[in-house]
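# Geometric and topological summary
Residues per chain are reported as follows:
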Amino acid sequence: MPQDSAPVPGVDRPVVTALDVVRVIVLVLAMASLALWGFAAWPLPWNVVLGLGAPLLVLLVWALFLSPRPVLRLHPFLRAAVELLIYAGVTVAWWSMGQGLIGSAFAIVAIGAGLAAGRRTVS
């Protein structure tokens, strides 16, 4: 039998919005896109290095600067610039694979989600 969860004193539960879900999906797609780019666009010794290294680098940058509890706190505008650099890198990766339409669609969705989240943070 499901029970309604009563609020527990002293426990703050984060409110997850649709925008948060979209941003997580964009981040996962960014890492998957960079892995695909690394494995597909480079010859054998480099495809393993870039196919594994590029998503790990994005994950490291996200953990350091962009996560909900970042290791290094940045000004919101610098945080937006770091996020924009990641999205630009993914877009260029799609373009370099000859998939300009996918890269442009990713850029539009990612930048739109980033702008909406940034606007929510600054307000």
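Everything discussed here concerns the structure shown above.
Here the residue numbering is sequential within each chain, running from 1 through the sequence in written order. Reporting of local features is limited, given that this is a predicted model, to residues whose pLDDT is at least 70; pairs of side-chain atoms are given and counted only at 80 or more, and all residues count toward the totals for whole chains, interfaces and linings. Only hydrogens and water are removed before side-chain values are computed, so all heavy atoms of the structure are retained for them.

Going along the chain from the N terminus, every DSSP run of H or I of four or more residues is numbered as a helix, and every run of E of two or more is numbered as a strand. Tracing the sequence through the fold places Val 61 in helix H2 (residues 44-66). As a C-alpha pair, Val 61 and Val 71 span ten residues in sequence and 9.9 Å in three-dimensional space. The contact rule is simple, with two residues in contact once any of their heavy atoms fall within 4.5 Å. Not counting the four nearest positions on each side in its chain, Val 61 is found in contact with Leu 66, Val 82 and Ile 86.

The term salt bridge refers to a side-chain nitrogen of Lys or Arg lying within 4 Å of a carboxyl oxygen of Asp or Glu. A complete count under the given rule lists one salt bridge for this structure. Salt-bridge contacts for Glu 83 lead to Arg 23; the nearest nitrogen and oxygen are separated by 2.6 Å. Highlighted residues: Glu 83 in helix H3 (residues 76-96) and Arg 23 in helix H1 (residues 18-41), separated in sequence by 60 residues.

Classification of ring pairs uses Phe, Tyr and Trp, with its six-membered ring standing for Trp, and accepts pairs whose centres are within 6.5 Å; under 30 degrees between planes counts as stacked, over 60 as edge-to-face, and the remaining range as tilted. Under the definition given, this model contains two aromatic pairs. The interplanar angle of 90° and the centroid separation of 5.7 Å between the aromatic rings of Trp 37 and Trp 42 together place this pair among those described as edge-to-face. Under the relative-accessibility criterion, Trp 37 is labelled buried at 17%. Judged by centre distance (6.0 Å) and plane angle (80°), the rings of Tyr 87 and Phe 106 are edge-to-face. For the exposure calls, accessible area comes from a 1.4 Å probe over protein chains only, and a residue counts as buried if that area is under 20% of its type's maximum, exposed if over 50%, partly exposed in between.

Bringing the layout of surface pockets into the picture now. The probe, sized like a water molecule, is rolled over the atoms to show the empty space still left. The calculated volume of the largest pocket comes to roughly 580 Å³. Here a cavity denotes a set of grid points, spaced 1 Å apart and computed over the protein atoms alone, in which a 1.4 Å probe fits but from which it cannot get out, and a pocket denotes an open set meeting protein on both sides within 12 Å along at least five of seven lines; residues with an atom within 4 Å of a point are reported as lining. Lining the largest pocket are 18 residues, and of these Asp 20, Arg 23, Leu 66, Pro 68 and Arg 79 lie nearest its centre. For the lining of the largest pocket, the elements supplying multiple residues, two or more each, are H1, H2 and H3. Here the lining of the largest pocket gets five residues from one element, more than from any other, and that element is H1. We call Asp, Glu, Lys and Arg charged. Ala, Val, Leu, Ile, Met, Phe, Trp, Tyr, Cys and Pro are nonpolar, and the rest, Gly among them, are polar. Here the residues of the lining of the largest pocket sort into eleven nonpolar, two polar and five charged. Computed from the structure, the second largest pocket encloses a volume of approximately 440 Å³. When residues of the lining of the second largest pocket are traced back to their parent elements, those giving at least two are H3 and helix H4 (100-122). The biggest single contributor to the lining of the second largest pocket is H4, with nine residues. Of the residues in the lining of the second largest pocket, the class split is 13 nonpolar, three polar and five charged. Grid points are joined across faces, edges and corners, and a volume is the space filled by probe spheres set on the points.

Nothing here speaks to function; it is all geometry.
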